[in-house]
Amino acid sequence: MAASPGLGLTTPPHARPRKARRRWTGWGFLGPFVLIFLFTLVAPVIYAIYLSLYRDKLIGGNSFVGLSNYLTAIQDPVFHTALFHVLLLLFVQVPIMMALSTMAALALDSSRLYVASIFRMSLFVPYAVPSVVAALMWGFMYGSTFGLVANLNSAIHLHLPNPLASNYVLAALGNITTWEFVGFNMIILYSALQSVPKDRYEAAAIDGATKFQVIRAIKVPAMRRALVVALVFALIGSFQLFAEPNVLKSLAPNTIGSAFTPNMYAYNLSFNGQEFNYAAAIAIAMGIITMIGAYALQLGGMRRDDR
Amino acid sequence: MNADARAVSAAGRSTGRKSRPISITTPRKSVLFTLVMGLMLIYTLTPVAWLLINSTKTQNSLSSSFGLWFSGPFSFFHNIAATFSYGNGEFLRWALNTVLYVVLGGGGATILATLGGYGLAHFTFPGKRAVMAIIIGAIAIPGTALAVPAYLMFSKFGLTNTPWSVVIPSLISPIGLYLIWVYATEAIPSGLLEAARLDGASELRIFLSIGFRLILPGFVTVLLLTFVATWNNYFLPLIMLSTPNWFPLTVGLSNWSNQAPSAGGQLIDNLVITGSLLAITPTVIVFLLLQRYWKAGIAAGSIKE
């Protein structure tokens, strides 16, 4: 897990080499970080890998079982359903959110908005809202007792479905994550657009380029790298989804089970089932899947760089 | 002098990008664009407005009124008082715990990231390449993926259900270290440090009196990021803590909301709503006040070409 891919981030240029006298001074500055890094990041991963290779049996106690826990996970229908939920969010909710973020970033960058700074600031506010509170707010609004949906149904005799019914609960969840991160992604993309030197637009205007040509030839390429970064964050967020469904569970106990997402499954395996070894295997498996996804995204992003 | 000027211009380049030249690139304003963005603004602000409006209602008028308008007796201040007094004042305890985790965890993470980022930017030392590769790799490791393994390990050491179990994992912010590293590389000219060394200043003194001052904007950005991350943290404290005494606000609030529908439980939706509003107020205010810093930080981190 430690060798997972970065986010397409580049290494800053090296500082000038120093004399041997100061060879170890750098460790003085980096040492504290690395020490705690080893204790809180590297050690748990190693410990989890170790746990995932064992099984606690009633007879015979703790015994080495090789990859057996992983094979169980591959055939576990509960894990499949959990994985299916987050994959669906990844392939439906994330593209919708990214499209909205991209349009908003382009609109901000176009300088054609009135009160642009109000949009820029307000749309980013949800990022500062804890995911627990986001889920609580939307959960209340979805709710059938005093939610907005119930209000609308009774006020104008609509028959809007209950957003927390089993057919819609994923969409309801996707709406919460979209609300939380659409502005965050917009700011990342907008920053990338702002880094385009202005003379490039002037040159395009002199050449008689249309607005769409400018977007396709200048703006979209400028956003590509930031888009890959944003997509990697969204991929991680989807695969590791926990807080929002776990909070909504109390409002929709019949539609959100204890294994709704892989992380909820791992959590409940450990804390309600005492199946620590299997939970560790699920956590490591999800880590590996996340890494592969992040790496594939970056490869895709880089390949287009070569063109 | 020359070095100073470069430092200032490097810092200026990444902190403020306010004014745009008036030219072909500043076209006429569009009502249509503004209206479409207005829809997004409504979408973004509706839940916040809902929270604000409903924090003024009593439990009874919550269920009998339209969600996006005021109704019943104005009980905003009553709700706030009730939020703080409910359950022997556990909300205040959770708020103080949250502050403790933010100060120790978020503050500590920022200091470690600043020292480390400065070290990576301006020193060469044995093992540097390996450290750089591992840290860049670690940015993609989500904290939640490690929560269960970290719990299992911490319980071996008897650290679970103590504040340390929340603070220690919060101390590491690979993305923060990366931002400082980029920032320190850009904003501190090596020549300036070399000159200070020739004058015989110690490395620590050089860092405190020159380096730290030049990367202050980057430091504030990372402080903001870690502040929000620790304030909003849910999965880690939920796993690590079992007694409500050490809960942060996030875990406490979700506990309140869980207890409401349970049999015999007193309905306290008005307290959950008011508590939620109180919980988001500090982060939102800090974010809006310090927005020029996070903008600079995101610009430095995500748009390197």
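Residues numbered from 1 in each chain as written. Chains lettered and ligands numbered in written order. Predicted model: local features only at pLDDT ≥ 70, side-chain atom pairs only at ≥ 80, totals over all residues. Heavy atoms only, no water.

**Student:** Help me get a handle on the pattern of salt bridges, residues and values and all.
**Tutor:** Residues and elements named next belong to chain A. Under the definition given, this model contains three salt bridges over all chains. Between Asp109 and Lys219 there is a salt bridge, and its shortest N-O distance comes to 3.0 Å. Taken as a pair, Asp109 in helix H3 (residues 77–109) and Lys219 in helix H9 (residues 211–239) lie far apart in primary sequence, 110 residues in all. In this structure, Asp109 and Lys219 share a single accessibility class: buried. (Salt bridge = Lys/Arg side-chain N within 4 Å of Asp/Glu carboxyl O. Helix = DSSP H or I, 4+ residues; strand = E, 2+ residues; numbered from the N terminus. Buried < 20%, exposed > 50% of the residue type's maximum accessible area, 1.4 Å probe, protein only.)

**Student:** Please set out unusual backbone geometry residue by residue, giving values where relevant.
**Tutor:** All names here are of chain A. Not every positive phi belongs to a glycine, and Ser111 is a case in point at roughly 60°. Looking at the element boundaries, Ser111 is found in the loop between H3 and helix H4 (116–124). Positive phi outside glycine occurs at Val115, with the angle close to 45°. Relative to the helices and strands, Val115 resides in the loop between H3 and H4.

**Student:** If you had to explain helix H11 (residues 262–271) of chain A to someone new, which residues and values would you point to?
**Tutor:** For H11 of chain A, the buried fraction is high: nine of the ten residues fall into the buried class. When H11 of chain A is considered as a whole, its buried residues turn out to be Pro262, Asn263, Met264, Tyr265, Ala266, Tyr267, Asn268, Leu269 and Ser270 of chain A.

**Student:** Which residues make up the interface of chain A and chain B, and what values go with them?
**Tutor:** The interface is formed by 102 residues belonging to chain A together with 121 residues belonging to chain B. Each partner contributes to the roughly 10600 Å² buried at the junction of chain A and chain B, and carbon and sulfur atoms together form 75% of this total. Applying the counting criterion to the chain A and chain B interface returns zero salt bridges. Seen at the junction of chain A and chain B, the total is eleven residue pairs in polar contact (both at pLDDT 80 or more). Broken down by element, the side of chain A that touches chain B gets its largest block of residues, 19 residues, from helix H1 (residues 25–52) of chain A. Classifying every residue of the side of chain A that touches chain B gives 69 nonpolar, 23 polar and ten charged. (Contact = heavy atoms within 4.5 Å. Buried area = accessible area lost by both parts, 1.4 Å probe. Polar contact = N/O pair within 3.5 Å; in protein donor to acceptor, adjacent residues only side chain to side chain. Nonpolar A, V, L, I, M, F, W, Y, C, P; charged D, E, K, R; others polar.)

**Student:** Lay out helix H7 (residues 163–170) of chain B with the relevant residues and their values.
**Tutor:** Within H7 of chain B, seven of the eight residues are buried, which leaves the element mostly enclosed by the surrounding structure. Listed as buried for H7 of chain B are Pro163, Ser165, Val166, Val167, Ile168, Pro169 and Ser170 of chain B.

**Student:** Please provide a residue-by-residue account of a nonpolar patch on the surface, values included.
**Tutor:** A cluster of nonpolar side chains, contributed by Phe84, Leu87, Leu88, Phe91, Val92 and Ile96 of chain A, occupies part of the molecular surface with about 570 Å² of accessible area. Note on placement: Leu87 of chain A falls in helix H3. (Patch = residues over 30% accessible without salt bridge, like charges linked within 9 Å, V, L, I, M, F, W, Y side chains within 5 Å. Areas by Shrake-Rupley, 256 points an atom, 1.4 Å probe, with all protein chains shown as cover.)

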